[in-house]
Every structure is written in C-alpha cells, then in structure tokens.
Amino acid sequence: RKSYTYVYRNTDNEYERQQAQRRLTELMVRSENLDVEVERLKKALADAPDDMIQVQMLGDLFRRMNKPLEALPLYEKLHARGPTGQELRELLQILADLYRATGDHQRSVDTYEALSKSFPQERSYCLERIAFVYAGWGRKDKAAEYAELMLRDQPCGPSPAGSALV
C-alpha cells in the first residue's frame, strides 16, 4: 500500500497517478472491514481537509460501497477546485451518475450536458445517458427525444445498452 501511496503523491504522470489511486481504492475495498478504512480516511481528512488525494479516495470508497449520498459532497469538493482535461471528464461522469443515484435527475441531465459541451467526443455517450436518466425519471417523452438524438448521432447504431431505449 505504501508504494502505491508514494506513486500517487509523487508522480507527474497522470496515467500512473490514476492507476495508483485505483489500486489503493481496490485495496481498501478488499479490506476485511470497510468501516475501518472509512474511519481512517475521515481521520486523515480531519487533519488535512484540503488533501484532495484523501477526498478522492474516500469518495471512491463510498461509491464502491454504493453510498452515493456520502460520495456526492466529496466529488463536488473535487469539482470545485477546477480540474481540467481528463480529470474533469471523469469527474463530470461520476457526478452525473451520483446525481442520478441520489434522485437529482435534473442535475444529472445538466451535468451530462456540460460533459458533452466540454468534450464533444462524448456527445453520443451523453445523449444515451441522458435518455436513461429521463427514462428512470418517468419522463418517457424526453427519453424518446434523447434516444432519437442518440440514433442520429451514431451512424453505426447505438450501443447495446442504448438499443434498449429505442
């Protein structure tokens, strides 16, 4: 665990940092007692509330424990610091999913739309996800509208998951 923590804190290589962070989270999830890991991270954050590494690790742990209400404020804190590039892309995807999971469907849609605007290459993915959010929200008319947009946007056809929408 210490070697992954060292790489995570000291590398300039974004890919290596992400891999180390994912591995650390996996190790925590495999822990016999997840509550101990959560308390350890909370204690670390109490001592250093601006340690974004610990914020992200705790958020990741809560996500893997299927606790979106606990994860959401941590990811909002990460977003508030103004990430860019790949980090922003991943963060917007996570936030949109967390908003949906907590029942905040409109913020989920808004976040997917922001993701699509910031990363045009993600447009088809975002249209599909927005259609799913609307379908889960019971807004069949909007789900159909976005499914139609998705079909027009994907010349090779929708993904297998997106096919269920049409």
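Structure's up top.
All values reported here derive from a predicted model rather than from experimental measurement.

1. Overview of helix α8 (residues 123-137)
Phase 1: The terminal C-alpha atoms of α8 lie 21 Å apart, and with 15 residues this matches the ideal 21 Å at 1.5 Å per residue to within 8%.
Phase 2: All buried positions along α8 are accounted for by Ser124, Cys126, Leu127, Glu128, Arg129, Ile130, Ala131, Val133 and Tyr134.
Phase 3: Of the residues trailing α8, glycine 138 is marked for its positive phi of about 85°.

2. Things to note about unusual backbone geometry
Phase 1: A positive phi angle, close to 60°, is found at asparagine 66, a residue other than glycine.
Phase 2: Turning to its location among the elements, asparagine 66 is positioned in the loop between α4 (52-64) and α5 (68-80).

3. Focus on helix α3 (residues 34-47)
Phase 1: The terminal C-alpha atoms of α3, which comprises 14 residues, lie 20 Å apart, in line with the 20 Å expected from a rise of 1.5 Å per residue.
Phase 2: For α3, the complete set of buried residues consists of Glu37, Val38, Leu41 and Leu45. The arc that holds every buried residue of α3, seen down its axis, measures 100°, which confines them to one face. Pointing more than 90 degrees away from the buried face of α3 are the exposed residues Lys43, Ala46 and Asp47.

4. Quick notes on the environment of tyrosine 112
Phase 1: Take tyrosine 112: it is sitting in helix α7 (residues 105-118).
Phase 2: Given a relative accessible area of 1%, tyrosine 112 falls into the buried group.
Phase 3: Between the alpha carbons of tyrosine 112 and isoleucine 94 there is a distance of 9.9 Å; along the sequence they are 18 residues apart.
Phase 4: Setting aside residues up to four positions removed in sequence, tyrosine 112 forms contacts with Gln93, Ala96, Asp97, Tyr125, Cys126, Arg129, Ile130 and Val133.

Conventions we followed
- Residues numbered from 1 in each chain as written.
- Predicted model: local features only at pLDDT ≥ 70, side-chain atom pairs only at ≥ 80, totals over all residues.
- Heavy atoms only, no water.
- Helix = DSSP H or I, 4+ residues; strand = E, 2+ residues; numbered from the N terminus.
- Expected span 1.5 Å × (residues − 1).
- Buried < 20%, exposed > 50% of the residue type's maximum accessible area, 1.4 Å probe, protein only.
- Arc of directions from axis to C-beta.
- Contact = heavy atoms within 4.5 Å.

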